[in-house]
Every structure is written in C-alpha cells, then in structure tokens.
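Chain by chain, the residues run as shown.
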Amino acid sequence: ALAPIGGEDFVFFLNGQEHATSRASHPLCRADVIGPWYPAVLPGLQAFLRDEVATLLAAGGPVDLLTTIRRLTFRAFGHLEVGDSLDAHFDDFMTVAAKGHARLSNPLTKKLPLGGAFQQAKARWLAALAEQVVAGRGDPQRVDLSATFSRLCPHIPVDRMAQDMSNVHYGGVFSTS
C-alpha cells in the first residue's frame, strides 16, 4: 500500500529473512547512529516545542486540534530530521501522506491511479528533503537526523536518504496525529 509513497525498495516495507537482516543493519536502527543523536537533538526539540506551545497559547481562541497537532508534529519532525520546519512544504507532504493514509485505510484505493497532482507533490517534497540532506552533509554543527546519518553513512545516496527521511516523517506525523 505504501510502496508509491515510501519507495519500492524501502527496507522497512519488505518482508523475509534477507530484509530482516537489512532492517537490523539499517542506519535508522543502528545504536551508533540513533544513540548519539537523541541527546544531541533533545535540547533543540524542547526549545522548539516550548516556543510553539507558547505561540499557540498567546494566540488564544479556539483551534482545530487535529490540524494544529498535525502541523506541530510536521514542524517538529522537520527539525528533528533535517534541521528545518519545512513549512513551505506542508501541503505537498499532506498530499503525499493523505494518499498513503487512504491506501492503508481502504485496500480498494490501491487500485486507483495516484494521479499527476500526487506525483508532482511527491517530487517537490522529496526535492525539499534532498536539499536539506545535502546541506547537512557538510555541516558538522548540525545535529538533525539526516546530518548525523550522513556523517556516519556517507555511502548512502542523497535520494535514498531523502526517501528514508520522508518515511520517518510520514510515520511520525501520522502516528502522533
């Protein structure tokens, strides 16, 4: 269901023993990648969330809770993954994510064409992530996941890493909202 969204070869979507081995050695599952990343990124995440919640409280009035939480988690995952809130790309992300969510929720939708709007949004979304991955590769001060991942696994191509970050983003935003 998620192959068009996550990529046909995303190791976390594939089954079988060979893929279990690949998953276990994937950088997103390796303690030497994730272990140092958590404490490095936590202070920035805490400050980001404090500022976001303060802004929401200062605005007062009613809010659409689902939309607010989804946008907040989108922005937070952007900071965690690529060091940027990715605000300009929220609509593209939602176009891609909504199609993935529909395909998971209703098996009949897997038979429907994805459409040009989906393909264009996906291309823009992945290009935005790839741009951030490239920017993070040479910056030793960045502590986001893609920069950490890039330093420890420089052999992984930018487009593959952007796709992996997209999948993490999708899972994070939709599992929390």
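In the block above lies the structure referred to throughout.
What you see is a predicted model, and the numbers here were worked out from it, not measured in a lab. (Residues numbered from 1 in each chain as written. Predicted model: local features only at pLDDT ≥ 70, side-chain atom pairs only at ≥ 80, totals over all residues. Heavy atoms only, no water.)

**Q** When you look at the packing of aromatic side chains in this model, what are you seeing that I'm missing?
**A** Two descriptors summarise a pair of aromatic rings, namely the distance from one centre to the other and the angle between the planes of the rings. In this structure the tally under the stated criterion is 5 aromatic pairs. With a centroid separation of 5.1 Å and 45° between ring planes, the pair formed by Trp37 and Tyr38 is classed as tilted. Measuring from centroid to centroid gives 5.1 Å for Phe74 and Phe93, while their planes differ by 45°, and the two rings are tilted. Of the two residues, Phe74 is situated in helix α4 (residues 65-82) and Phe93 in helix α5 (residues 90-105); the sequence distance between them amounts to 19 residues. Here Phe74 matches Phe93 in class, with each residue buried. (Phe/Tyr/Trp six-rings, centres within 6.5 Å; stacked < 30°, edge-to-face > 60°. Helix = DSSP H or I, 4+ residues; strand = E, 2+ residues; numbered from the N terminus. Buried < 20%, exposed > 50% of the residue type's maximum accessible area, 1.4 Å probe, protein only.)

**Q** Quick question: what am I supposed to make of the pattern of salt bridges here?
**A** Any two side chains of opposite charge can pair, given that their charged atoms come close. Going through the model one piece at a time under the given rule, you end up with 5 salt bridges. Two residues, Asp92 and Arg124, come together in a salt bridge whose shortest N-O distance is 2.7 Å. Placement of Asp92 in helix α5 and of Arg124 in helix α6 (residues 116-137) is noted, with a sequence separation of 32 residues between them. On the basis of relative accessibility, which here comes to 42%, the residue Arg124 falls in the partly exposed class. (Salt bridge = Lys/Arg side-chain N within 4 Å of Asp/Glu carboxyl O.)

**Q** Would you take a moment to explain the environment of Leu80 for this structure?
**A** Position of Leu80 among the secondary structure elements: in helix α4. A residue is classified by how much of its surface remains accessible, and Leu80, at 12% relative accessible area, is buried. The spacing of Leu80 and Trp37 is 43 residues in sequence and 9.4 Å in space, taken between C-alpha atoms. If near-sequence neighbours (up to four positions away) are discounted, Leu80 is found in contact with Trp37, Val41, Leu45, Asp144 and Leu145. (Contact = heavy atoms within 4.5 Å.)

**Q** Even after reading the chapter, I still don't get unusual backbone geometry, so can you show me in this structure?
**A** Only a minority of non-glycine residues have a phi that is not negative, and only a minority of peptide bonds are not trans. Even without being a glycine, Leu86 presents a positive backbone phi close to 60°. By the element assignment, Leu86 lies in the loop between α4 and α5.

**Q** Please explain the packing of helix α3 (residues 31-59) against helix α7 (residues 145-152) as it appears in this structure.
**A** In helix packing, the relevant descriptors are the interaxial angle and the interaxial distance, both defined with respect to the helix axes. Following both chains from N to C, one finds α3 and α7 inclined at 140°, their axes separated by 10 Å at the closest point. When the axes of α3 and α7 are compared, the pair comes out oblique. Of the two elements, α3 crosses α7, and the hand of that crossing is right-handed. Residues Asp32, Val33, Ile34 and Trp37 of α3 form the contact with α7, whose own contacting residues are Leu145, Thr148, Phe149 and Leu152. (Axes fitted to C-alpha atoms, helices over the stretch in contact; angles between N-to-C directions. Parallel < 35°, antiparallel > 145°, perpendicular 65-115°, else oblique. Left-handed = near helix turned anticlockwise from the far one by under 90°.)

**Q** Can you help me understand α3 in this one?
**A** One full turn of an α-helix is made of 3.6 residues, so residues set three or four places apart face in the same direction. Helix length check: α3, at 29 residues, gives a terminal C-alpha distance of 40 Å against a target of 42 Å (1.5 Å per residue), a fit within 8%. Along α3, the sharpest change in direction is near 40° and occurs at Leu42; proline Pro43 comes one to four residues later. Turning to α3, its buried residues number three or more, namely Val33, Ile34, Trp37, Val41, Leu45, Phe48 and Glu52. On its buried side, α3 packs onto α4 and α7. In the segment just after α3, Gly60 is the residue with positive phi, at about 60°. (Expected span 1.5 Å × (residues − 1). Bend = angle between axes of the 7 residues up to and from the residue.)

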